[in-house]
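Observations on the model geometry
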2 protein chains.
Amino acid sequence: MGKEKLAIIGSGNWGSAIARIAGNNVPRFSEEFDQKISVWVYEEEFEGKKLTEIINTEHENKKYLPGVKLPENVVAIPDIGEAVKGATALVFVMPHQFLGRVIDQLSGKVQKGAKAISLIKGVDVKGADIHIFADVISDKLGVSCSALSGANIAPEVARDQFSETTIGYRSKAEGEMWKRLFETPSFRVSLVEDVAGVSLCGALKNIVAVAAGLVEGLGWGNNSQAAIMRIGLLEMHEFCIEFFEGVKAETFLMESSGVADVITSCLGGRNKRVAVAFVKEKKSFDELEQSMLNGQKLQGIHTAKEVHNFLEARNRVDAYPLFNNVYKVCWEDHPVEKLTEGI
Amino acid sequence: MGKEKLAIIGSGNWGSAIARIAGNNVPRFSEEFDQKISVWVYEEEFEGKKLTEIINTEHENKKYLPGVKLPENVVAIPDIGEAVKGATALVFVMPHQFLGRVIDQLSGKVQKGAKAISLIKGVDVKGADIHIFADVISDKLGVSCSALSGANIAPEVARDQFSETTIGYRSKAEGEMWKRLFETPSFRVSLVEDVAGVSLCGALKNIVAVAAGLVEGLGWGNNSQAAIMRIGLLEMHEFCIEFFEGVKAETFLMESSGVADVITSCLGGRNKRVAVAFVKEKKSFDELEQSMLNGQKLQGIHTAKEVHNFLEARNRVDAYPLFNNVYKVCWEDHPVEKLTEGI
């Protein structure tokens, strides 16, 4: 058997942080892994230079992860076909709205039998259908796709501050391979046989983070924050048990992907921050997305809407009162003071 | 059958907040409860007046819960025997170090068949023996003692900010009675048949809060905070499963007493705050107890020591690496940077 060859599809701050870890890890497993790690970089100019050039000469993603050195075996490639050529292990790490186009571009270019792992947050909702992106990748590209999610703020992981993550694997052997690539003394990886649970945690926690921001905006205290996190975690858990087979309670209640990521997202991050501003500044989310996020979408409120539409199509809105209240506050002018009504 | 008569033993901020709730609730259940609620107040002077007098004339505990009005059916009594006379429902709410003396004073004065509930934080450790205070109260006074604990910062509960709590009951009927006394629209009570689990959560979470403070003192970020909370919660859970019969996983992983109280205590509170100062100011805990707590003990570090001594007596120290590392950092000059070693 040849060596596993890694390609990372995406080079934002999280893609760069993960590339750094994998690049540092492969020398420890030189029998198993090809030492060169390809990173597909969406080419753009930064300070008058091409981003791939900056990464390949200065070994730093100055645009998305400034101040963090990347190992020299991490190679930026602007052509996606070239980046995945010969790759047997594909890491998908990008905002979910770009995945469709990336899959189209990869069509016919992925090596047969390749393994994949999705670090993408979000879910794919169409009416009464809901899918995780690991399944979308598996189906469209014919690869076996695991998922990784956890309390992982990229700049903290990139600076080796202690943190943990969870991999939901398709097969134990694949899970263990991904773990060898990604685990470090300060980035602990645990394995669960639950691709759906891990993926869903990463999507649904953003709704809870919005709720935590609304609570803070109201001036409520730490008790209320903790109550909202607890209730949100349980609704996430119930939602996944109801609509996905094989989801495990531990993924939510005991793993980094669940309880710890809910906590991290409710302590900080953009979903929390923008929701605080929504209450305090009494501006619309449209305005706040423009002024605070440079026009980018706030994931939590859009996931709240998608999940609400899905639950409505399934006639199950009332079973998830916190999700429903977040939706109503964000999209239907429901008074924010009523966030805990019916919970 | 006569009506239930409530006596609250203790009148700090938490005792006063709970007295306020019970005083407001009993009119809704006038067939079941005597409308007068006795509160035993350790008599002291405040601004030149007796504290009981202030409470009974101004209906406010100006020393421990200033700014919050108490209902007029809450009556402060300086004599503990008189306070519990005829009481069929006793609420114990005080720092644990005072419980021994209180039990001595109550000996022979508690009505036969009375029910009790403990809101006391901490555990009673003697060498290789460990007991929860609800059991101590049950054994010493011959009453059936439940426990209440949750993410409950007293001033927030007293101001009706949304929060939740958990009652571990001895019998379902007793649990439901306590719930009628304490639940309000903004203070949600859930019931579990797990007195030990609820009690232990309230004690052990303080060790985790110290760990969270050490992490913040080190300048680590939200990922690390969340990881420490998650690991702490799991060690709490394992500890209780190992040493107490009948403890339920939900109490830790799903209830306010568990996950939510760990979060609240790690977000703020004295254990967190003093541990941050320990790292940043490089002073001893002795000095910090003097300067930051007016000479009061910091519960988390003392619980860490008691639990460590207990685990040593049982030869099980290594099974709880976070508890052990907190102990070593606080009591044995272990470098704080090694907090996550061996975890």
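Keep in mind the model is a prediction, meaning the values are calculated, not measured. Note that residues are indexed from 1 along each chain, following the sequence as it is written. All chains are assigned letters beginning at A, and all ligands numbers beginning at 1, according to the order in which they are written. Where local features are concerned, this predicted model is filtered to residues with pLDDT of at least 70; where side-chain atom pairs are given and counted, the filter is 80 or more; whole-chain, interface and lining totals use all residues. Side-chain numbers come from the whole structure's heavy atoms, not from hydrogens or water.

**Observations regarding the interface of chain B and chain A**
Here, residues are in contact when the closest pair of their heavy atoms is within 4.5 Å. Counting residues at the interface gives 35 residues for chain B, matched by 36 residues for chain A. Accessible area, probed at 1.4 Å, shrinks when two parts are joined; the buried area is that loss added up over both. Considering only the side of chain B, the residues that lose the most area to chain A are B:F162, B:N223 and B:R230, jointly responsible for 23% of the buried surface there. By definition here, a salt bridge exists when the distance from a side-chain nitrogen of Lys or Arg to a carboxyl oxygen of Asp or Glu is within 4 Å. The tally of links from chain B across to chain A stands at two salt bridges. Ionic pairing is found between A:E164 and B:R230, a salt bridge with its closest N-O pair at 2.7 Å. Side-chain atoms alone can form a polar contact between residues adjacent in sequence; in general such a contact is a pair of N or O atoms within 3.5 Å, and within protein one must be able to donate a hydrogen while the other accepts it. Our enumeration of links across chain B and chain A arrives at 20 residue pairs in polar contact (both at pLDDT 80 or more). Put simply, DSSP marks the helices as runs of H or I at least four residues long and the strands as runs of E at least two long, and each gets a number from the N terminus on. Looking at the side of chain B that touches chain A, the elements that each hand over two or more residues are α6 (154–158), β11 (163–168), α9 (222–243) and α11 (256–267) of chain B. Here the side of chain B that touches chain A gets ten residues from one element, more than from any other, and that element is α9(B).

**Structural notes on the UniProt feature "binding site: substrate" (unreviewed entry) in chain A**
Residues and elements named next belong to chain A. The UniProt record annotates "binding site: substrate" (unreviewed entry) at K121, R270 and N271. Spanning 151 residues, the named residues form one tight spatial group whose C-alpha atoms are at most 13.9 Å apart. Tracing the sequence through the fold places K121 in the loop between β7 (115–118) and β8 (123–126). Excluding anything up to four places from it in sequence, K121 contacts H96, F133, S149, G150, G202, K205, D261 and Q299. Within the local environment of K121, its side chain forms a polar contact with the side chain of S149, the two groups lying 3.0 Å apart. Within the secondary structure, R270 is located in helix α12 (residues 270–281). Each residue is placed in one exposure class: buried if its accessible area under a 1.4 Å probe, protein chains only, is under 20% of its type's maximum, exposed if it is over 50%, and partly exposed if it falls in between. A relative accessible area of 32% means that R270 is categorised as partly exposed. Dropping the residues within four chain positions of it, R270 is found in contact with L293, Q296, K297 and L298. UniProt positions are given in the numbering used here, feature names are shortened, and annotations may be inferred rather than shown by experiment.

**Some remarks on the sheet that holds β7(A)**
Residue and element names in this part refer to chain A. DSSP bridges decide pairing: two strands pair if at least two such bridges lie between them. Reading across from one edge, β5-β2-β1-β6-β7-β10-β11-β12 is the order of the eight strands in this open sheet, with mixed pairing throughout. Every other strand in the sheet has two partners, leaving β5 (74–77) and β12 (187–192) as the edge strands with one partner each. Each neighbouring strand pair of the sheet contributes to a mean axis angle of 25°, computed without reference to strand direction. Two strands pair when backbone bridges link them, and strand β11 (residues 163–168) and β12 are joined in this way by six bridges, in the parallel orientation. Looking at β12, one finds that G168 is bridged to V192. Between the N-to-C directions of two axes lies an angle of 0 to 180 degrees, each axis being a line fitted to C-alpha atoms and, for a helix, fitted only over the stretch in contact.

**Considering the environment of B:E193**
Of note, B:E193 is situated in the loop between β12 (187–192) and α8 (195–217). Residues contacting B:E193, with those up to four places away along its chain left out, are B:Y169 and B:K248.

**A short note on the packing of helix α8 (residues 195–217) of chain A against helix α9 (residues 222–243) of chain A**
Residues and elements named next belong to chain A. Put simply, α8 and α9 touch, their axes get as near as 9 Å, and they point 150° apart. Looking at the two axes, α8 sits roughly antiparallel to α9. Here α8 runs over α9; the crossing is right-handed. On α9, the residues touching L200, C201, L204, K205, V208, A211, A212, V215 and E216 of α8 are S224, Q225, I228, M229, G232, M236, F239 and C240. Classes in brief: Ala, Val, Leu, Ile, Met, Phe, Trp, Tyr, Cys and Pro nonpolar; Asp, Glu, Lys and Arg charged; the others, Gly included, polar. Counted by class, the contact of α8 with α9 contains twelve nonpolar, three polar and two charged residues. Here the word oblique covers every angle except those under 35 degrees (roughly parallel), over 145 (roughly antiparallel) and from 65 to 115 (roughly perpendicular). For any pair of crossing helices, the crossing counts as left-handed if the nearer helix is rotated counterclockwise from the farther one by less than a right angle, and right-handed if it is rotated clockwise.

**Focus: the packing of aromatic side chains**
Residues and elements named next belong to chain A. Pairing of aromatic rings covers Phe, Tyr and the six-membered ring of Trp, with a centre-to-centre limit of 6.5 Å; geometry is then stacked below 30 degrees between planes, edge-to-face above 60, and tilted otherwise. Counted according to the given criterion, the structure contains 20 aromatic pairs over all chains. Arranged with centres 4.8 Å apart and planes meeting at 80°, the rings of F243 and F310 form a pair that is edge-to-face. Remark: F310 occurs in helix α14 (residues 299–313) and F243 occurs in helix α9; sequence separation between them is 67 residues. With respect to class, F243 is no different from F310; both count as buried. Here the aromatic residues F239, F243, F310, Y320 and F323 are joined through ring pairs into a cluster of three or more. One cation-aromatic arrangement involves K305 over W331; the distance from NZ or CZ to the ring centre is 3.9 Å. Criterion for a charge above a ring: Lys NZ or Arg CZ within 6 Å of the ring centre, and within 35 degrees of the ring normal.

**Section: the sheet that holds strand β2 (residues 37–40) of chain B**
Residues and elements named next belong to chain B. In spatial order, the strands read β5-β2-β1-β6-β7-β10-β11-β12; together these eight strands make up an open sheet with mixed pairing. The open sheet terminates on both sides in strands that have one partner only, identified here as β5 (74–77) and β12. Along the sheet, successive strands turn relative to each other by an average axial angle of 25°, direction set aside. Strand direction decides the pairing type here: strand β10 (residues 144–149) and β11, joined by three bridges, are antiparallel. Along β11, the bridge assignment pairs A147 with G168. Running over the sheet, helix α1 (residues 13–25) touches β1 (6–9), β2, β5, β6 (89–92), β10 and β12 and is turned about 165° from β1. Contacting β10 and β11, α11 crosses the sheet at an angle of about 140° to β11.

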